[in-house]
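# Coordinate analysis (summary)
Each chain, letter by letter, is given below.
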Amino acid sequence: MSVDLSVNSVLEEAKDKTGLNDFGDQGFLTGLTVLMQTYDQNGLSDAGRLASRGRIVNLLAERLRIEDSFKKQPEIRDLKISKPMFLTGMPRTGTSALLNILASDPAARPLKLWEGYNPSPYPNLAEGETDPRYSIVKAAFEKASDLSKIHHTSADTPEECIHLFNHTFEDVQFGIEAFLEPYASFFKTVDRTKQYQYHGELLRMLQSRQQTDRWLLKSPYHLWSLDLMVKQHPDCSIIITHRDPREVVGSYCSMMAYLMPDSENADLNALGKGVLDYLVDQVNGSIEQRKNISDKRILDIQYRDFVNDNQSVIDSIYHHFELPYGKDVQQPIKQYIADHPQGKHGSHDYHLAQFGLDEATVLDRFERYTKAYNIAL
């Protein structure tokens, strides 16, 4: 079985699929080219190559629909996004659990998974009619898998806004691409300014479909670009979660190993080194960036505090950012916490030694981070 991973083939299939031909700013082609080379060169099975190709075609098709929607409704770009809240931190530091609790606030507007895949408005949809794309995503995620123990998600789950960045073909994509060559090297060179501009435009597009009081957005990816996030949204608030790096590195290695192509034969030691370098660069960069950001705009949350008493952590968030916190907000949050105990979707087991790492090495590499945020070890 031969699966064509050439750039031209996926571009043409996306055009055929939609009947459209304008992808907008052509800058995305550089990342797309490197991404397709990465999928072609890293030992994917025929099934993996086919799945990767299909995903890229879908992203390109949606990019065409997005551009077409902006042409038909240029006023979308003029919509105002007011006081969005961003959750970030290294992967595996509790951002997903925190997002789901905060999303219980009726005034908060999280990005749902199916919307991240399909930010463009569906044409000629009657009021009250279900978007058929929702049903497609829902069906695809209804099958449970081992990944649910690591990161549970569904079509309706508040999800990372990384899915909006995916349409630029310059971000981390599924995450594993940032550890595979040649995409890993390309990722280190990217200027993310245009990514954040496009991300903001897609938020406006989604806002045009549903009135929004306050966006509630989450992704570890934001930790790379706190400065750009504030530049794009000057009135935003930022929550950064922190955790013992030994736990972070082991957990993230385990997640990436699950997603590795040809995972049975993957070099786990090389993956461990790659993950360690990636995360250290990420947090050290964020420490430098936040020197130019007001402390009032950022609140740091310790993972251990969140696990031990998440209600107190939620209280501190509303107090720090002076958000409305009446009974209409407190009650649904308390109910969500009661209904969703930690570990509901299964436990996630991992060990640093599986990835050629040890605790002393991890702590040494993260010394600046643990001291800067007084991480409990």
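Residues numbered from 1 in each chain as written. Predicted model: local features only at pLDDT ≥ 70, side-chain atom pairs only at ≥ 80, totals over all residues. Heavy atoms only, no water.

### Observations regarding the pattern of salt bridges
Taken as a whole and judged by the stated rule, the model has 23 salt bridges. Here Glu62 ties to Arg133 by a salt bridge, and the two come within 3.7 Å at their closest N and O atoms. Of this pair, Glu62 sits in helix α3 (residues 46-72) while Arg133 sits in helix α6 (residues 132-141), and the two are 71 residues apart along the sequence. Taken as a pair, Glu62 and Arg133 share a single burial class, namely buried. (Salt bridge = Lys/Arg side-chain N within 4 Å of Asp/Glu carboxyl O. Helix = DSSP H or I, 4+ residues; strand = E, 2+ residues; numbered from the N terminus. Buried < 20%, exposed > 50% of the residue type's maximum accessible area, 1.4 Å probe, protein only.)

### A closer look at the sheet that holds strand β4 (residues 237-242)
Within the open sheet, the five strands sit side by side as β2-β3-β1-β4-β5. Their pairing is parallel. Both outer strands of the open sheet, β2 (108-110) and β5 (298-302), are each paired with one neighbouring strand and no more. Across the sheet, the mean angle separating the axes of adjacent strands is 25 degrees when strand polarity is ignored. Note: β2 against strand β3 (residues 214-218), three bridges, orientation parallel. Bridging across to β3, Arg109 finds its partner in Trp215. Across the sheet, helix α10 (residues 193-209) lies against β1 (85-89), β2 and β3, angled at about 130 degrees from β3, the strand it touches most. (Pairing = 2+ DSSP bridges. Axes fitted to C-alpha atoms, helices over the stretch in contact; angles between N-to-C directions. Contact = heavy atoms within 4.5 Å.)

### Section: the pairing of β5
The buried fraction of β5 is high, at four of five residues. Note that β4 and β5 share five bridges and pair parallel. Looking at the pairing, Thr241 lines up with Ile301 of β5.

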